[in-house]
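# Architecture at a glance
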2 protein chains.
Amino acid sequence: MTDALGPDAVIGILGGGQLGRMLSVAAARLGLRTHVFDPGANPPAGDVAHAVTTASYNDDAALAAFADSVDVITYEFENIPTSALDVIESRCPIRPGREALRISQDRLIEKTWLTGLGLTTAPFADITDAASLRAALTQIGTPAILKTRRFGYDGKGQVRIDDAGQADDAFAQMAGAPAILEGFVSFDREVSVIVARGLDGSVAAFDPGENVHAQGILRTTTVPARLSAAQRTDAVLLAGRIARALDYVGVLGVELFVTAQGLVVNEIAPRVHNSGHWTQNGCVIDQFEQHIRAVAGWPLGDGRRHADVVMENLIGDDVARLPDLARQSDTAIHLYGKAEVKAGRKMGHVNRIIRS
Amino acid sequence: MTDALGPDAVIGILGGGQLGRMLSVAAARLGLRTHVFDPGANPPAGDVAHAVTTASYNDDAALAAFADSVDVITYEFENIPTSALDVIESRCPIRPGREALRISQDRLIEKTWLTGLGLTTAPFADITDAASLRAALTQIGTPAILKTRRFGYDGKGQVRIDDAGQADDAFAQMAGAPAILEGFVSFDREVSVIVARGLDGSVAAFDPGENVHAQGILRTTTVPARLSAAQRTDAVLLAGRIARALDYVGVLGVELFVTAQGLVVNEIAPRVHNSGHWTQNGCVIDQFEQHIRAVAGWPLGDGRRHADVVMENLIGDDVARLPDLARQSDTAIHLYGKAEVKAGRKMGHVNRIIRS
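Note that the structure is a prediction, hence the values are computed from the model and not measured. (Residues numbered from 1 in each chain as written. Chains lettered and ligands numbered in written order. Predicted model: local features only at pLDDT ≥ 70, side-chain atom pairs only at ≥ 80, totals over all residues. Heavy atoms only, no water.)

Turning our attention to the overall build of chain A. Counting its secondary structure elements, chain A contains 11 helices and 17 strands. In terms of overall size, chain A behaves like a compact globule, its C-alpha atoms giving a radius of gyration of 20 Å where 356 residues would be expected to give roughly 21 Å. Seen through its principal axes, chain A has C-alpha atoms that stretch 60 × 55 × 40 Å. Looking at chain A as a whole, 59% of its 356 residues qualify as buried. Sequence separation of 24 or more characterises 61% of the internal contacts of chain A that already satisfy a separation of 6 or more. (Helix = DSSP H or I, 4+ residues; strand = E, 2+ residues; numbered from the N terminus. Rg over C-alpha atoms; globule rule 2.2 N^0.38 Å. Buried < 20%, exposed > 50% of the residue type's maximum accessible area, 1.4 Å probe, protein only. Contact = heavy atoms within 4.5 Å.)

Next up on the list: empty space enclosed by the protein. Scanning the model with the defined rule gives 3 cavities of 30 Å³ or more in all. Roughly 720 Å³ of internal volume is contained in the largest cavity. For the largest cavity, the lining is made up of 40 residues, of which Arg29, Gln280 and Asp286 of chain A together with Arg29 and Gln280 of chain B are closest to its centre. When contributions to the lining of the largest cavity are tallied by element, the ones reaching two or more residues are helix 1 (18-29), helix 9 (279-282), helix 10 (287-295) and strand 16 (331-335) of chain A together with helix 1 (18-29), helix 9 (279-282), helix 10 (287-295) and strand 16 (331-335) of chain B. Of the residues that constitute the lining of the largest cavity, the class distribution is 23 nonpolar, 9 polar and 8 charged. (1 Å grid on protein atoms, 1.4 Å probe; cavity = no way out; pocket = protein on both sides within 12 Å on 5 of 7 lines; lining within 4 Å. Points joined across faces, edges and corners; volume = space filled by probe spheres on them. Nonpolar A, V, L, I, M, F, W, Y, C, P; charged D, E, K, R; others polar.)

In this section: the pattern of salt bridges. According to the stated counting rule, one finds 56 salt bridges over all chains in the structure shown. Salt-bridge contacts for arginine 232 of chain A lead to aspartate 207 of chain A; the nearest nitrogen and oxygen are separated by 3.1 Å. Here arginine 232 of chain A is found in helix 8 (residues 229-245), whereas its partner aspartate 207 of chain A is found in the loop between strand 10 (203-205) and strand 11 (209-214), with 25 residues between them in sequence. Among the residues examined, aspartate 207 of chain A registers a relative accessible area of 18% and is labelled buried. Here aspartate 308 of chain B ties to arginine 305 of chain B by a salt bridge, and the two come within 2.6 Å at their closest N and O atoms. (Salt bridge = Lys/Arg side-chain N within 4 Å of Asp/Glu carboxyl O.)

Let us look at the sheet that holds strand 7 (residues 158-161) of chain A. Residue and element names in this part refer to chain A. An order of 5-8-6-7 is seen for the 4 strands of this open sheet, with the pairing classed as antiparallel. Of all the strands in the sheet, the pair left with one neighbour each is strand 5 (124-127) and strand 7. Averaged over all pairs of adjacent strands, the angle between strand axes in this sheet comes to 20 degrees, irrespective of strand direction. Of the pairings in the sheet, the one linking strand 6 (residues 144-148) to strand 7 comprises 4 bridges and is antiparallel in character. Counterpart to leucine 146 in the pairing with strand 7 is valine 159. Against the sheet, helix 6 (residues 130-140) contacts strand 5, strand 6, strand 7 and strand 8 (179-183), and its axis sits at roughly 170 degrees relative to strand 5. (Pairing = 2+ DSSP bridges. Axes fitted to C-alpha atoms, helices over the stretch in contact; angles between N-to-C directions.)

Residues and elements named next belong to chain A. Note that the residue after arginine 95, namely proline 96, is joined by a cis bond; omega there is -5 degrees. Of note, aspartate 330 is a non-glycine position whose phi angle comes to about 55 degrees, a positive value. Here aspartate 330 shows up in the loop between helix 11 (322-325) and strand 16. Taking relative accessible area as the criterion, aspartate 330 reaches 10% and is therefore assigned buried.

Attention shifts here to the interface of chain A and chain B. Between chain A and chain B, the residue contacts involve 42 residues of the former and 42 residues of the latter. Across the chain A/chain B interface, buried area totals approximately 3600 Å², and carbon plus sulfur atoms make up 52% of it. Salt-bridge contacts for arginine 33 of chain B lead to aspartate 47 of chain A; the nearest nitrogen and oxygen are separated by 3.2 Å. Linking chain A with chain B are 16 residue pairs in polar contact (both at pLDDT 80 or more). Of all the secondary-structure elements, those providing two or more residues to the side of chain A that touches chain B are helix 1, helix 11 and strand 16 of chain A. (Buried area = accessible area lost by both parts, 1.4 Å probe. Polar contact = N/O pair within 3.5 Å; in protein donor to acceptor, adjacent residues only side chain to side chain.)

What follows is the structure in C-alpha cells.
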C-alpha cells in the first residue's frame, strides 16, 4: 500500500447521483472523505459527502479549485466533457484514466476498439447521412437500431428500424447527431461482469450477473447467472482482458450477450454499474468499495460471493411498494434520497438474499 | 408504515462519533438525511451527515434550533445532560425515550431497576462515604470494583479493590463523585444481545455475540456465541423483556455474564453497541439500520444472521496493521475517519466472515 491514500485523503467524484452517493458511503467506510462535483443543487451524493461543489462542467475556475482540493478524481458517469477533463487532468490524477473515457463516450469508437481487440460485438456501421444508413441497412438487415454515437443512456437517443423504408425518418430523429447503426444480436440471455483493476495491475472480478431489461432500463440482476462453467470463465477472462488493454484503474462494467456462437460484447461502462449493485449484499467488499480501493491505491478485494442475490431496481412509482418491501425478510432496501418521483427515474433498489 | 418517516425527513443525532457515523450511513441507505449535533469540531459523523451543528450541550439556543430542524432525535451515547434533553424534548420526539436514559445514566439506578424486574445483576451497594464502602466490602467481599455511578465508559472511573484495607484510598479516587461498589461475578463467558423494539411494539433480536475484553475495552465479538439452545433463548427473551419494560424504541445493547447459575446482566446501553458491529457483515439489516428503522417508524428487520463473523476492534496502533488487513480475504474494514491515533482510541474495526 505504498501509494495508498490514508485517512486525511479526499476523493473527488464527478457526478453526484446515486452512484456517487454509494461511492461516498464506501469511501467513508474506509475512513476516506469525498468531495462531489455536480451541476445540480442538492445532488443525492451530497447527503453523504464531506464537501459538495455545485457548478457547471464549463466552469473552469470551479473545476480547478475542485481538482486542487482533492487527492484523486474519479467519476460516476462517462459523459464528462473533454474540456472539463483537460482542466482537471493537469492538477490531479484521474482514475480510471482518460483512454477508458475516450473509448466509452462514443459507441462507434467503442465497438471499433472492441473488435480490434479480437472481441465480438453486434454488427455495426458508421452513419453519416441518410445514404450511409440505407447502405448499412442493406448490409446489416432489419431489425436494427440507430443510436447516437454519444450521450445515450437507458434507451435514450435510440430508434428501432424494422423496415428499410423507415431509414429517412429514423435518420431525421437523430437531429444531425453522429450516429451508429447496430444490428440485433439473437441472444439466450444478457449477463454482465463487474471487473476491477488495481493501481498495482491486479485484476479481480465479481461473479457474472444475469440482467433483465424493460424499455431499455435494467430491471433485475440475478446471481449466479445461468452460465456453464466455461461461459463463466470466458466472461471473466474477457472482462479482465478489456481492463488490462485499457491500463484501467477502478471498476469496469462489461455487458455481454450470451449466444449460441459465444459471448458478444454489448457495451462497457468505465465506472460502477447498476448491474453490480447486488454485490452490496452478496460480497464482503462490494463494487463501490472495490472502486474506491482501486482509485485510492489500496489492495483489491477478491470478489468472492457469499450469497445468491436478486437485485431489483425501484423505478418511478415502484417506491410506492416500500411499505411492503420493508416488511419482507432477507430484503435489503437501498434508496437514493430523491424526493421527487418521476416516471423512469431510478429511485432505489432492493437486494434479496436467496437462501438455499 | 403510517408513522414512518419518508425521504424528506431528517433524523437528528446527538453525538458525532463512530456510532453516529454508522447511523448516518444507515439512514442514507434508507433515503433519509441526518443532522449531527456534537460539541467537537469535525466529528467523525460529520463526513457523512447532511448537516452538522457544532455546539455545547449547554447551548440552549443551538439545541432548540437543532430540535426544530429535524423530525426525530436519537443519540449515540447515554450521558447526555438532562438539561439538554429538557430543551429538546418539548420540540421534537426523542427515541429511545428518556426513561431508558434516566436508568442507564446511573449504575445504581440501573442495577436497582434490573433487579426490580426480577433479573440478576452482580451484587452491588450504594457508596456515599468511606464508612459505607467499608460496610459494603464486608458484605460483598473482595475482589470488588468501585465505580462512579455516572459517566464511566471503557473502564474509566473504576478502581479495583482486592483488600478491604484499600477502601479509603479507593474512595478518595472517586473524588467525591457518587459511587457504587460491585462484586465480581464468576462467569464462563460474556455475551451480548442486540435487541430492537419498533414504534409499533414489535421486538427483534440479533443472535447473541460472545465478547472478549482487555483493559476494560471490547476487543472481539464472535457469532455464534458458545451458548446452549436454552441459554440462547433465555438471553434473547431477557433482552426483549428489558426493551418492553422500558417501552423502548430503537436498538438496545444488553451485556450478559454466562454463569453456572444462569445469566447475569452486566449492563445495558440504550443505543447501538460496539458488540453489534458484526451485524454489518452478518445480517441483511444491521444494527445501525435497525435502529434507524425503529426511530423512523419503519418495520424492523428480522435480525436473521447469514454468516458466522468475528468482529475485531482496531484500537490505537492497531491501525498500523491496515496494509495487511486490506489484503485478507473475507475481511471487511470499517474505519471511522479519525486522523489522530491515540492509545486506547477506537479507530475502526474489521468483520471477518468465517466460512464453514
